[in-house]
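The lines below spell out each chain.
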Amino acid sequence: MKLLYFPGCKIPFHLPAYDRSTRSVLSALEVELIDMDLNCCGYPVRHQDFSAFLLSAARDLALAEAQGVDILTPCKCCFGSFKHALYWLRRKPALRDRINSHLSAEHLHWSDRSDVTHLLSFLYSKVGTRRLQDYVRAPLERLKVAAHYGCHALRPAEVTGFDNPTAPHLFEALVAVTGATPVFWTRRTECCGNPLWGNNQKLALALMEKKLASAQEAGAEMLCSACTYCQLQFDETRRQHPHADPTQGRLKAILFPQLLGMSMDLPAENLGLDPMTSTGASTFTAKAGK
């Protein structure tokens with residue numbers, strides 16, 4: 001299977017371990033990722049210039065169409081952005097025609113022949129949990145994990161089609177594949193606080209603090225994310241503001257492809273995990289009995 005890979009803007013620079021672990025896991029699953037020179041998904045300008053946002057997203061979608069493949073992204077913000085673009089391109093013929101007139105300058109055209117999927121959606125729906133279990137070589141049986149959904153994939157549900165926004169199950173099902181035990185925690189679908197960082201730092205930290213407390217109260221030993229912004233919040237922001245961490249660093253944050261890759265017994269360095277990283281790989285491997 002071939003997919004056009006879209007890491008987005010933040011992952012390569014701010015979270016390279018997400019890129020590395022995603023590539024490693026998908027390679028082991030015999031999924032071929034096509035790399036191209038793609039532009040931004042358009043999200044940063046969506047509320048400033050809707051047409052510019054739509055053109056940016058449509059160009060990437062048109063490039064995928066030209067390759068005859070769908071787009072896969074590990075970034076939930078980019079996933080949500082592309083889904084918004086598809087939603088409006090499919091419903092506004094005049095807007096669609098205007099976007100295609102701009103794309104024609106590059107001999108591109110959007111005609112709704114390619115879709116976009118998030119890494120979690122792809123693993124759950126396209127690969128399937130049964131097939132994934134065949135790749136598990138080192139099940140993480142002694143681990144309790146809190147799956148953190150993030151906002152951009154869940155909402156609005158009529159646009160993203162990711163999962164039930166009030167009672168999602170997809171992420172926990174994938175965590176269970178690794179042999180770990182997914183825990184239910186009351187704040188699992190709430191915002192991590194990161195989007196508020198530039199406007200209200202106090203509130204952003206308060207939201208993070210409540211989420212960490214909720215996961216710890218549920219008995220989680222790890223917090224697992226699949227969102228660039230959420231992982232940065234639970235990793236980098238926590239290190240910079242330890243007073244907002246009620247777990248005092250005990251509840252480590254890990255990316256899902258890292259968790260899955262560990263259960264598949266992939267090399268730690270291929271997953272962006274080593275004792276020197278901020279994700280606390282030495283703790284992970286100890287709990288996994290490695």
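Right above here is the structure, for reference.
Let us look at the structure shown here. What you are looking at is a predicted structure, and each value in this text was computed from that prediction instead of being measured.

Here's the deal with the sheet that holds strand 5 (residues 144-148)
So, step 1. Reading across from one edge, 6-5-7-8 is the order of the 4 strands in this open sheet, with parallel pairing throughout. Edge strands, defined here as strands with exactly one partner in the open sheet, are strand 6 (181-182) and strand 8 (252-255).
So, step 2. Note: strand 5 against strand 7 (residues 222-225), 4 bridges, orientation parallel. Bridge pairing links A146 to L223 in strand 7.

A word on the sheet that holds strand 4 (residues 116-118)
So, step 1. The 4 strands are arranged 2-1-3-4 in an open sheet whose pairing can be described as parallel. Two strands in the sheet have a free side with no partner beyond their single neighbour: strand 2 (32-34) and strand 4. Strand after strand, the sheet turns through a mean of 40 degrees between neighbouring axes, direction not considered.
So, step 2. Note that strand 1 (residues 2-5) and strand 3 (residues 71-73) share 2 bridges and pair parallel. Of the residues in strand 3, the one forming a bridge with L4 is I71.

Description of the pattern of salt bridges
So, step 1. In the structure shown here, the tally under the stated rule is 10 salt bridges.
So, step 2. In this structure, R23 and D35 form a salt bridge, with 2.8 Å as the shortest nitrogen-oxygen distance. Placement of the pair is R23 in helix 2 (residues 16-28) and D35 in the loop between strand 2 and helix 3 (50-67), with a sequence separation of 12 residues.
So, step 3. Exposure remark for D35: the relative accessible area of 48% places this residue in the partly exposed category.
So, step 4. E106 is paired through a salt bridge with R59; the nearest N and O atoms lie 2.9 Å apart. In this pair, E106 is assigned in the loop between helix 5 (93-103) and strand 4 and R59 in helix 3, connecting sequence segments 47 residues apart.

Examining the nonpolar core
In summary, soluble globular proteins display a tendency toward joint burial of nonpolar side chains.
So, step 1. Residues L26, L123, F171, F256 and L259 are the most contacted members of the largest nonpolar core, which totals 75 residues.
So, step 2. When residues in this core are grouped by element, the largest group, 8 residues, is from helix 3.

A few points about unusual backbone geometry
So, step 1. Going from R155 to P156, the amide bond is cis rather than trans, its omega being -5 degrees.
So, step 2. Within the secondary structure, P156 sits in the loop between strand 5 and helix 8 (157-160).
So, step 3. Even without glycine at this site, E30 takes up a positive phi of about 65 degrees.
So, step 4. Following the sequence through the fold, E30 ends up in the loop between helix 2 and strand 2.
So, step 5. Positioned with a positive phi, D112 is a non-glycine residue whose angle comes to about 65 degrees.
So, step 6. With respect to the secondary-structure elements, D112 resides in the loop between helix 5 and strand 4.
So, step 7. Given the relative accessible area of 34%, D112 is considered partly exposed.

A few points about the side chain of E172
So, step 1. By secondary structure assignment, the location of E172 is in helix 9 (residues 170-177).
So, step 2. Once residues within four sequence positions are removed from consideration, E172 is found in contact with A147, Y149, P182 and R188.

Points about the layout of surface pockets
So, step 1. Its volume calculated, the largest pocket comes out at about 260 Å³.
So, step 2. Around the largest pocket, the lining is made up of 17 residues, and of these D70, D115, V116, T117 and K126 lie nearest the centre.
So, step 3. For the lining of the largest pocket, the secondary structure elements donating two or more residues are strand 1, helix 4 (76-89), strand 4 and helix 6 (119-127).
So, step 4. Take the lining of the largest pocket: its biggest share by element is 4 residues, from helix 6.
So, step 5. Residue composition of the lining of the largest pocket, by class: 7 nonpolar, 5 polar and 5 charged.

A word on helix 9
So, step 1. Counting buried positions along helix 9 gives 6 out of 8 residues, so the element sits mostly inside the fold.
So, step 2. Within helix 9, the full set of buried residues consists of L170, F171, E172, L174, V175 and V177.
So, step 3. If you follow the buried residues of helix 9, they end up packed against helix 6, helix 7 (129-133), strand 5, strand 6, strand 7 and helix 12 (256-263).

Here is what the cut-offs are and how they apply
Residues numbered from 1 in each chain as written. Predicted model: local features only at pLDDT ≥ 70, side-chain atom pairs only at ≥ 80, totals over all residues. Heavy atoms only, no water. Pairing = 2+ DSSP bridges. Helix = DSSP H or I, 4+ residues; strand = E, 2+ residues; numbered from the N terminus. Axes fitted to C-alpha atoms, helices over the stretch in contact; angles between N-to-C directions. Salt bridge = Lys/Arg side-chain N within 4 Å of Asp/Glu carboxyl O. Buried < 20%, exposed > 50% of the residue type's maximum accessible area, 1.4 Å probe, protein only. Core = buried A, V, L, I, M, F, W, Y, C linked by side-chain atoms within 4.5 Å. Contact = heavy atoms within 4.5 Å. 1 Å grid on protein atoms, 1.4 Å probe; cavity = no way out; pocket = protein on both sides within 12 Å on 5 of 7 lines; lining within 4 Å. Points joined across faces, edges and corners; volume = space filled by probe spheres on them. Nonpolar A, V, L, I, M, F, W, Y, C, P; charged D, E, K, R; others polar.

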